[in-house]
Amino acid sequence: MAGEAKLESVLESKLEAGSARVASNRAALLALLAGLRDEEEEIRRGGGAKAAEAQRVKGRLTARERLALLLDEGTEFLELGLWAAHGMYGEFGGAPGAGVVTGLGRVSGRLCMIVANDATVKAGAFFPMTAKKVLRAQTIALENRIPTLYLVDSAGVFLPLQEDVFPDQDDFGRVFRNNAVMSSLGVPQITAIMGMCVAGGAYLPVMTDTVLMTEGSGLFLAGPSLVQVAIGQKTSAEELGGAGMHAEISGTVDFKESNDHLCIARLRSLVGKIGERPGAPFSVVAFDAAKDAPRYAAEEMYGLIDPDPAKAATNVYDMREVIARIVDRSEFDEYKADFGRTLLCGYARIGGRAVGIVANQKVHQQQTVAMRPQAGSKRTEFGGVIYTESAQKAARFIMDCNQSLIPLIFLHDVNGFMVGKDAEWSGIIRAGAKMVSAVSTSVVPKITVIVGGSFGAGHYAMCGKAYDPRFIFAWPTARYAVMSGASAANTLVEVRVKQMERGGKTLSEEEKKAIYDEMKATYDAQADPRYGAARMWVDAILDPAKTREALMTALEACALNPEVARFNPGVLQT
């Protein structure tokens, strides 16, 4: 139309790619990424070459060999929980990946959640973190209605740790409860038994919709040895619970296959016949990977942040530089751009799918003071800190996104909420409560990416793990704790010194420094994203340059669930 106005919503990058600071950050982050990749490759080796060879001697493939056959050729697998149990269970020789592989992959054109036991790790036994990892995969599949495939090859509960695996609400038994609930909600589940499936674990395949089983595998509540001890009956594994018996006599399995290759071929065939359900009511437009890509290279994000925790205070950067490299055509409709500037809010598309973005701004901002007696003057607001105006803006934006059925993306680099007399007088607690309430009652999908720091109540307000994000990712530069290592160490040293002084002892400066260094080292280690990923606080540690691809997959998964509850924000502090 002649004279039609053109919106200026394209983000203009001001990143000085050739600067010394950017070059230094890039070199440090690439070195960190290289180390992470080496560790990830070690985790992917599971129980090692000897254990993998033992699996092949039995005529079976390893979990990752099975995955390679199952997934559509040339497609990516978004692995979730790779770091689970990292650095844990050392007294038992460790449990790489918690002995199970989980993630989103494309099978016969369909996006599926895949849960594959790794029999090279303690025969695929369930450690406490194994149960937690499988439950997280099921939760993601349940919330997003993702077809779920189980590749079963497990000896059941790891008996030395049964007290931490068996009895509680979110332990091993919850897996079977989830099987039933997922089935009741119409989430397709197919199980392929390609090894042992013993004791309580035998319920998992039978609680799913369709069961495949290979010859030479075993499915029984108690194996031959336990049966003999319990009731004195002698029987072979094949006669007790082999594929032939379950196919011909018990009728438990639906398809009997002679080996892993044929079983996976059958599984792919079945997945290809699953019907399509109505999608979610979120806006999506046709997307061209070349034409609609961001205007700037994703790899340029390597230069934004110094990954050294000691230099966190110097990580001042414009979060729009990140947004410009993950959204379609680098277009961003910024909401209330001049108000509450330490939080960025706005609308965009990622892979053609509409999103609302809430992101911490790390650049210090000038804000006009509204309160007397300084009303009308300017104050400096620190980047990464949530002020009253920022929280008010974000709460309103989150509610708007729920009203308009727009999924939310949260980009974290947050130190927390502002403190002090001015902040308290401005109603920071009331504004923060409003933002936390809006996040808590939000009904549209929420996806969280921890880019830098994620500390204190700021972590909660930005949709931390406790606030039900459908997915939660972290960059290698992420720091995840109640406060920074330096702040925690200073606080704890002060407490320790006062305790000592009450006991009549005075600490020297050297002793104070030793306590400080010890406390800081502990906090820094626990704030490392690998520590959080080991405990499933985050679903994956992302290469920053792969953030857009991970978000596209996550948004596609979210759109599989057509049900969006009525938004009811409840009572808000005003």
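These remarks concern the structure in this document. Each chain carries its own residue numbering, running from 1 in the direction its sequence is written. A pLDDT threshold of at least 70 governs which residues receive local features in this predicted model, and a stricter bar of 80 or more applies before side-chain atom pairs are shown or counted, although totals over entire chains, interfaces and linings include all residues. With hydrogens and water set aside, each side-chain value is computed from the structure's full complement of heavy atoms.

Moving on, we get to the overall build of the chain. From N to C terminus, the chain includes 19 helices and 20 strands. Here the globule rule is a power law, 2.2 Å times the number of residues to the power 0.38, and the radius of gyration is based on C-alpha atoms. Over its C-alpha atoms the chain spans a radius of gyration of 26 Å, differing by no more than 12% from the 25 Å that the globule rule assigns to 574 residues. With the principal axes as the frame, the chain shows a C-alpha extent of 90 × 85 × 50 Å. For the exposure calls, accessible area comes from a 1.4 Å probe over protein chains only, and a residue counts as buried if that area is under 20% of its type's maximum, exposed if over 50%, partly exposed in between. Taken over 574 residues, the chain has a buried fraction of 52%. In what follows, residue pairs with any heavy atoms lying within 4.5 Å of each other are defined as contacts. At a minimum sequence separation of 6, the contacts of the chain that also span at least 24 residues come to 74%. Note on charges: Lys and Arg go in the positive column, Asp and Glu in the negative column, and His and the chain ends are not counted at all. A single reference atom marks each charge: NZ on Lys, CZ on Arg, CG on Asp, CD on Glu. Within the chain, the 67 negative side-chain charges are centred at a point lying 4 Å from the centre of the 63 positive side-chain charges. Counting from the N terminus, the helices are the DSSP runs of H or I reaching at least four residues and the strands are the DSSP runs of E reaching at least two.

Before going further, it helps to examine the pattern of salt bridges. Salt bridge, as used here, is a side-chain nitrogen of Lys or Arg placed within 4 Å of a carboxyl oxygen of Asp or Glu. This model, assessed by the stated rule, comprises 35 salt bridges. With its nearest N and O atoms 2.9 Å apart, the salt bridge here joins R548 to D328. Of the two residues, R548 is situated in helix α19 (residues 547–558) and D328 in the loop between α11 (320–323) and β9 (333–334); the sequence distance between them amounts to 220 residues. You can call D328 buried: its relative accessible area is 2%. When salt bridges with common partners are traced through the structure, they connect E41, R44, R64 and E79 into a single cluster.

This next bit is on the packing of aromatic side chains. Here the distance between the centres and the angle between the planes together describe a pair of aromatic rings. The rule is short: rings of Phe, Tyr and Trp, with Trp giving its six-membered ring, pair when the centres are within 6.5 Å, and they are stacked under 30 degrees, edge-to-face over 60, tilted in between. Using the criterion set out here, one finds eleven aromatic pairs in the structure. Taken together, a centroid distance of 5.1 Å and an interplanar angle of 55 degrees make the contact between Y335 and F397 tilted. Remark: F397 occurs in helix α12 (residues 388–403) and Y335 occurs in the loop between β9 and β10 (343–350); sequence separation between them is 62 residues. In this structure, Y335 and F397 share a single accessibility class: buried. Where Y347 meets F397, the ring centres are 5.0 Å apart and the plane angle is 55 degrees; that geometry is what we call tilted. Taken together, the residues span a long stretch of sequence, with Y347 in strand β10 and F397 in helix α12 at a distance of 50 residues. Y347 gets classed as partly exposed once you look at its relative accessible area, which sits at 24%. Taken together, the ring pairs connect Y89, F92, F127 and F158 into an aromatic cluster. Charge-over-ring contacts are defined here by two conditions on Lys NZ or Arg CZ: a distance within 6 Å of the ring centre and an angle within 35 degrees of the ring normal. Note that K421 overlies the ring of W425, its terminal NZ or CZ placed 5.1 Å from the centroid. Taking NZ or CZ as reference, R535 lies 3.6 Å from the ring centre of Y531, over its face.

Now for the nonpolar core. Throughout, nonpolar core names a set of buried Ala, Val, Leu, Ile, Met, Phe, Trp, Tyr and Cys residues whose side chains join them through atoms within 4.5 Å. Ranked by size, the top nonpolar core spans 90 residues in total, and within it L104, I323, I357, L411, I447, F471 and F473 carry the most contacts. Considering each element in turn, this core owes the most residues, eight residues, to helix α4 (residues 128–144). With near-sequence residues (within four places) excluded, F471 lies in contact with L80, L104, R136, I140, N144, K446, I447, T448, D539, A554, A557 and C558. In this structure, I386, A394, A431 and A438 belong to the second largest nonpolar core, which totals 32 residues.

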